[in-house]
Amino acid sequence: MWPVYIIAVAIAMVVTGTINTMSMKWADKINATGYDGLDREFDHPVLQTVFMFLGEFSCFLVFQILWWYFSRRPTLEEDEHELIKGNKEFNIFYFLPPATLDMCATSIMYLGLNLTYASSFQMLRGSVIVFTEIFSMIFLQRQFKAFRWAGIFVIIIGLATVGLSDLSENSSDSSSSNQVILGDILIIIAQVITATQMVYEEKYCIRLDAPPLKAVGCEGLFGLLFTVLLLLPLNNIHVPKPYQNNPNGTIEDLHQAYTQVLNKPLLLVPLLGGELVKALGSESPALCFSIHYKLN
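Calculation notes
Residues numbered from 1 in each chain as written. Predicted model: local features only at pLDDT ≥ 70, side-chain atom pairs only at ≥ 80, totals over all residues. Heavy atoms only, no water. Core = buried A, V, L, I, M, F, W, Y, C linked by side-chain atoms within 4.5 Å. Buried < 20%, exposed > 50% of the residue type's maximum accessible area, 1.4 Å probe, protein only. Helix = DSSP H or I, 4+ residues; strand = E, 2+ residues; numbered from the N terminus. Contact = heavy atoms within 4.5 Å. Axes fitted to C-alpha atoms, helices over the stretch in contact; angles between N-to-C directions. Parallel < 35°, antiparallel > 145°, perpendicular 65-115°, else oblique. Left-handed = near helix turned anticlockwise from the far one by under 90°. Nonpolar A, V, L, I, M, F, W, Y, C, P; charged D, E, K, R; others polar. Phe/Tyr/Trp six-rings, centres within 6.5 Å; stacked < 30°, edge-to-face > 60°. Expected span 1.5 Å × (residues − 1).

Here the focus is the nonpolar core. F42, L47, L113, L267 and L271 are the most contacted members of the largest nonpolar core, which has 31 residues in total. Elements supplying a minimum of two residues to this core: helix 1 (4-29), helix 2 (45-71), helix 4 (96-115), helix 5 (118-124), helix 7 (146-169), helix 8 (174-205), helix 9 (212-234) and helix 10 (254-263). Ranked by residue count, the leading element in this core is helix 2, at six residues. Setting aside residues up to four positions removed in sequence, L267 forms contacts with A27, I30, A32, F42, Q260 and V261. Residues F95, A99, L208 and A215 belong to the second largest nonpolar core, which totals ten residues.

A few words now on the packing of helix 2 against helix 9. Two numbers describe how helix 2 lies on helix 9: the axes approach to 7 Å, and their chain directions differ by 150°. As judged from the angle between their axes, helix 2 and helix 9 are roughly antiparallel. The handedness of the crossing between helix 2 and helix 9 comes out as left-handed. In the contact of helix 2 with helix 9, the residues fall into 18 nonpolar, five polar and three charged.

Glycine aside, the phi torsion of most residues is negative, and most peptide linkages are trans. Of note in the backbone geometry, Q141 takes a positive phi value of approximately 50° without being a glycine. For Q141, the location among the structural elements is in the loop between helix 6 (128-139) and helix 7. Residue classification places Q141 among the exposed positions, given a relative accessible area of 58%. Unlike most non-glycine residues, D209 shows phi in positive territory, near 55°. When you line up the elements, D209 lands in the loop between helix 8 and helix 9.

Here we come to the side chain of T227. Note on placement: T227 falls in helix 9. In contact with T227, not counting residues within four places along its chain, are V46, T49, V50, F53 and M103.

Within this structure, the stated rule accounts for five aromatic pairs. Judged by centre distance (5.6 Å) and plane angle (40°), the ring pair of F93 and F222 falls under tilted. In this pair, F93 sits in the loop between helix 3 (77-80) and helix 4 while F222 sits in helix 9, placing the two residues 129 residues apart along the sequence.

Our next topic: helix 6. Look at helix 6: 16 Å from first C-alpha to last across twelve residues, which is about the 16 Å you get at 1.5 Å a residue. Taken together, the buried positions of helix 6 are occupied by V128, V130, F131, T132, E133, F135 and S136. Looking one or two places after helix 6, you find Q141, whose phi comes out positive at around 50°.

See below:
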C-alpha cells in the first residue's frame, strides 16, 4: 500500500506537468510585435529553458526561507520538516552533470513543442519511463518484474498510436506532416537525455541526502548559468525555418524576445507562472528522487 504522501506527490507531478505544458504552448501561440514591426508567434525555445531553470532556482530561495524560519524556532522542527531536513553541506558540483543534461533535454523538448501539438508533447513525454527502465537495468543492475515490462509494452503501443495519429492528421500537407513528426522525434530524443539524467541522479545524487528543495535549486543554478551563456552563440547561429521564426533568422533572437515581451507583457504569465508551478510542484527529477530516498 503506497503512503498518501507518495500518491499526493505523483498527482502533483501530473497536474503541474500538464499546467507547464499548456502554459509553454500558450506562450508559443501568443502573437506579439517584434522589433521589425511584424506580429509573430513567441518562438524562443532556449529562452523558455532559461525560465524553466529560473523556476527551479526559486526552490533554493524557498529552501532558504524555510530553513531560516524553522532554525529560529526553539523546537527541533527544522530537522523534522521533510522539505529541508538532510545534509546541507553536500558538494553542489554533483548536480552539474544533471543540470547540463536537463538543459539539453528541455531545450530540445521546447523546440519539439513548437513543431507539434501540446497533447502529443505531453503523451510522448511518457516514453521517459521506457528509457529509464532500460538504463536502470544497464547502469544500476536493477531487475524488473514481468508486470513492469507489460506496462512498458503498453506505453510503446501508446507512443506508436500518437505518432500515427499525428501523421494521419497532416497526411494532406506533407510539409506540415514532416514538421509535426520532426517535433515528435525531438521530444523522444529529449526523453533519452532525461532518462540519463534520472539514472545519474539516482546513482550519485541520492546518496548525498540533500534537502529536496536545495537539490533542485542547485540544479537550477547551474542550468541557469549554462543556458544564459548558451544564448550568446545561439543568438548568432543562422538556421532555416521551421527552426526559427525571427527577423534575424537565428536559433534565438534575444532582441526579438525582449521586444515581444515589452509589447505584450501577458507573455510573462505563461513564462514565469508555468515554470514556477512546475518547479514547486515536485516535477523536477532531483526533488522526486530525493523525496523517494527519504521515504524509503
